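What follows is each chain in one-letter form.
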Amino acid sequence: GNSVTQMEGPVTLSEEAFLTINCTYTATGYPSLFWYVQYPGEGLQLLLKATKADDKGSNKGFEATYRKETTSFHLEKGSVQVSDSAVYFCALSGGGGATNKLIFGTGTLLAVQP
Amino acid sequence: EAGVTQFPSHSVIEKGQTVTLRCDPISGHDNLYWYRRVMGKEIKFLLHFVKESKQDESGMPNNRFLAERTGGTYSTLKVQPAELEDSGVYFCASSLGLAGAYEQYFGPGTRLTVT
């Protein structure tokens, strides 16, 4: 079945460092891909999404490109801030045989130090 | 406009007891989802309502879990009797339509601890 694999955390960075969180997926067909973020004490929020190959999702300085050839959707940010500290979840929906449900990775905790 | 709300925020119960979680979706959202995250693992889908009908309940772990959405508004998820492995964070989400085209808005979650 469909699945998402993302890098283990925690990831600890200094402020203004470059961030990459790797995410790869397994799916038949053409799923939509998402990054969700959970800030401390809050629910999950959609950070960005891409619905077809080569699409780039972007929001709040974060970017991710839907790469069908490598089945990847890596999250990047050029300069992280302390306020970016959160848990980041890669997810997919759709694809062959799937329904509306989101399939998530295990989440990656990002801690940004001043 | 209010977001998705969940009650309670935290519940601690003993093994064998019953717990009912509640989710109030965003007004007008016909689609309602339940998910669960067991400690440190991925968030897993439990089930999906469209209005009051169960569209997909393939993720429900066993018959100790019962979800309802009477009248197509709020939803409840009952665990009876609770087991230790039911501990985790239960998330509810709602959306206007299909996951690819419409965002799923998540509530803050209910942290369930079974001792």
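Refer to the structure above for everything that follows.
A brief structural summary. It should be emphasised that the depicted structure is a prediction, and the values quoted were computed from it without experimental measurement. (Residues numbered from 1 in each chain as written. Chains lettered and ligands numbered in written order. Predicted model: local features only at pLDDT ≥ 70, side-chain atom pairs only at ≥ 80, totals over all residues. Heavy atoms only, no water.)

Looking only at helices and strands, one finds zero helices and twelve strands in chain A. Listing each helix as α and each strand as β along chain A from the N terminus yields β-β-β-β-β-β-β-β-β-β-β-β. At 14 Å, chain A has a C-alpha radius of gyration in line with the 13 Å of a compact globule built from 114 residues. Principal-axis analysis of the C-alpha atoms places the extent of chain A at approximately 45 × 25 × 20 Å. Counting the 114 residues in chain A, one finds 46% classified as buried. Put simply, 57% of the contacts in chain A that link residues at least 6 apart link residues at least 24 apart. (Helix = DSSP H or I, 4+ residues; strand = E, 2+ residues; numbered from the N terminus. Rg over C-alpha atoms; globule rule 2.2 N^0.38 Å. Buried < 20%, exposed > 50% of the residue type's maximum accessible area, 1.4 Å probe, protein only. Contact = heavy atoms within 4.5 Å.)

This part takes up the nonpolar core. Judged by nonpolar contacts, the single largest core of 27 residues is most densely connected at A:L19, A:W35, A:L47, A:L48, A:F73, A:L75 and A:Y88. Elements supplying a minimum of two residues to this core: β2 (11-14), β3 (19-21), β4 (23-26), β5 (31-38), β6 (44-50), β8 (62-65), β10 (86-94) and β12 (108-113) of chain A. Ranked by residues supplied to this core, first place goes to β10(A) with four residues. Core analysis: the next-biggest nonpolar cluster, separate from the first, contains 21 residues, B:V4, B:F49, B:A82 and B:V114 among them. (Core = buried A, V, L, I, M, F, W, Y, C linked by side-chain atoms within 4.5 Å.)

The subject of this paragraph is the interface of chain B and chain A. In this assembly, 21 residues from chain B lie in contact with 20 residues from chain A. Across the interface of chain B and chain A, roughly 1,600 Å² is buried in total on both sides, 56% from carbon and sulfur atoms. Across the chain B-chain A interface, the total number found is three residue pairs in polar contact (both at pLDDT 80 or more). Looking at the side of chain B that touches chain A, the elements with two or more residues in it are β4 (31-37) and β5 (43-50) of chain B. In the side of chain B that touches chain A, the residues fall into ten nonpolar, six polar and five charged. (Buried area = accessible area lost by both parts, 1.4 Å probe. Polar contact = N/O pair within 3.5 Å; in protein donor to acceptor, adjacent residues only side chain to side chain. Nonpolar A, V, L, I, M, F, W, Y, C, P; charged D, E, K, R; others polar.)

Residue and element names in this part refer to chain A. Tallied over the full model, the rule gives two disulfides over all chains. Note that C23 is cross-linked by a disulfide to C90, the S-S spacing being 1.9 Å. Disulfide C23-C90: torsion about the S-S bond near -70 degrees, hence left-handed. Of this pair, C23 sits in strand β4 while C90 sits in strand β10, and the two are 67 residues apart along the sequence. (Disulfide = S-S within 2.5 Å.)

Moving on, we get to the packing of aromatic side chains. Note on aromatic pairs: each is described by the distance of the centres and the angle between the planes. On inspection of all chains with the given rule, the structure shows twelve aromatic pairs over all chains. Ring geometry for B:F91 versus B:F106: centroids 6.5 Å apart, planes at 80 degrees, classification edge-to-face. With a gap of 15 residues between them, B:F91 in strand β9 (residues 88-95) and B:F106 in strand β10 (residues 105-106) connect regions that are remote in the sequence. According to the relative accessible area criterion, B:F91 is buried, its value standing at 2%. According to the relative accessible area criterion, B:F106 is buried, its value standing at 9%. By the ring-pair criterion, three or more aromatic residues cluster together here, those being A:F34, A:Y36, A:F89, A:F104, B:Y33, B:Y35, B:F45, B:F91 and B:F106. Above the plane of the ring of B:Y74 lies B:R22, whose end atom (NZ or CZ) is 3.8 Å from the centre. (Phe/Tyr/Trp six-rings, centres within 6.5 Å; stacked < 30°, edge-to-face > 60°. Lys NZ or Arg CZ within 6 Å of the ring centre and 35° of its normal.)

Pairs can form between side chains of opposite charge whenever their charged atoms are close. All names here are of chain A. Applying the stated criterion across every chain, the model contains nine salt bridges over all chains. Between K77 and D84 there is a salt bridge, with the nearest N and O atoms lying 2.7 Å from each other. Using a relative accessible area of 10% as the deciding quantity, one classes K77 as buried. Judged by its relative accessible area of 5%, D84 is buried. (Salt bridge = Lys/Arg side-chain N within 4 Å of Asp/Glu carboxyl O.)

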